Amino acid sequence: MSLFHTRLIILLGLVLTLGSCKKEDPAPEDENELITTVRLKFTENGTTTTQTFEWKDLDGDGGAAPTISAISLRPSRTYKLEVEFLNESVSPAESINSEILEEADEHLVVVTPSASSLFTYTATDKDSRNLPIGLAGTLVTGAASTGTIKVQLRHQPPVNGQPVKNGTVTPGSDDANVTFPLSLVP
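Please read all numbers here as calculations on a predicted model, not as lab measurements.

Rules behind the numbers
Residues numbered from 1 in each chain as written. Predicted model: local features only at pLDDT ≥ 70, side-chain atom pairs only at ≥ 80, totals over all residues. Heavy atoms only, no water. Pairing = 2+ DSSP bridges. Helix = DSSP H or I, 4+ residues; strand = E, 2+ residues; numbered from the N terminus. Axes fitted to C-alpha atoms, helices over the stretch in contact; angles between N-to-C directions. Buried < 20%, exposed > 50% of the residue type's maximum accessible area, 1.4 Å probe, protein only. Contact = heavy atoms within 4.5 Å. pLDDT = per-residue confidence, 0-100. Polar contact = N/O pair within 3.5 Å; in protein donor to acceptor, adjacent residues only side chain to side chain.

1. Topic: the sheet that holds strand β7 (residues 107-113)
Stage number 1. The strand order across the open sheet built from four strands is β4-β11-β10-β7, with neighbouring strands paired in mixed fashion. In this open sheet, the two strands that pair with only one neighbour each are β4 (71-73) and β7. Within the sheet, the average angular offset between the axes of one strand and its neighbour, ignoring direction, is 30 degrees.
Stage number 2. By the bridge criterion, eleven bridges tie strand β10 (residues 145-155) to strand β11 (residues 173-184) in an arrangement that is antiparallel. Looking across to β11, one finds that G147 is bridged to L182.

Below is the structure:
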């Protein structure tokens, strides 16, 4: 074999080796939403009166402390609860709810009492796999008492093309995680 043929074979081998090692572009990351405001709207069954409470942190993490409404509801009642997430760092303010609904299979709103006797929450909205979304639901209060209500927006995008949302708080990460003081007073 001539020197020319040997070099040609080595060159072809290098081209084939380097070509097979081509890196693919990484999949774009599915980033968490920027949320500055969490708004809760409670409407007691049998009434049309809506009470609105907000958690608001317009300058984001590390700046001024958020402003937080103290929630006061009546004990032993049933309320319709609507949860709204906003990004008020832009003008005009942007509602995040439409994006949550567009990606409902990747989001879950979790509403948790500090003590199970405070209330129960049942989401009434569902995604394409019949799992709860949690932007709308029914909250049933317990006996007169005080505590907190934690609201989490969990971002649960698919992993390796497979859905991970399973209706629990476990998979994914928080887009929002806020806590309101809650009083149940007659």
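2. Description of the environment of S173
Stage number 1. Take S173: it is sitting in strand β11.
Stage number 2. For the pair S173 and R154, spaced 19 residues apart in sequence, the C-alpha to C-alpha distance is 5.5 Å.

3. Focus on the environment of D57
Stage number 1. Tracing the chain through its elements places D57 in the loop between β2 (50-56) and β3 (67-68).
Stage number 2. Classification of D57 as buried rests on a relative accessible area of 7%.
Stage number 3. When the C-alpha atoms of D57 and N87 are compared, they prove to be 9.8 Å apart, with 30 residues separating the residues in sequence.
Stage number 4. Leaving out residues up to four positions away in the same chain, D57 has contacts with T36, A64 and P66.

4. Concerning the confidence of the model for the protein chain
Stage number 1. In the predicted model, the protein chain carries a mean pLDDT of 88, and the fraction of residues at 70 or more is 82%.
Stage number 2. Taken as a whole, residues 18-22 scores under 50 in pLDDT and shows zero contacts with residues more than four places along the chain or in a different chain.

5. Details of the side chain of Q156
Stage number 1. Along the chain, Q156 falls in the loop between β10 and β11.
Stage number 2. A distance of 2.9 Å separates a polar atom in the side chain of Q156 from the backbone oxygen of P171.

6. Let's talk about the pairing of β11
Stage number 1. Bridge count between β4 and β11: three bridges; the pairing is parallel. The residue of β11 that forms the bridge with S72 is S183.

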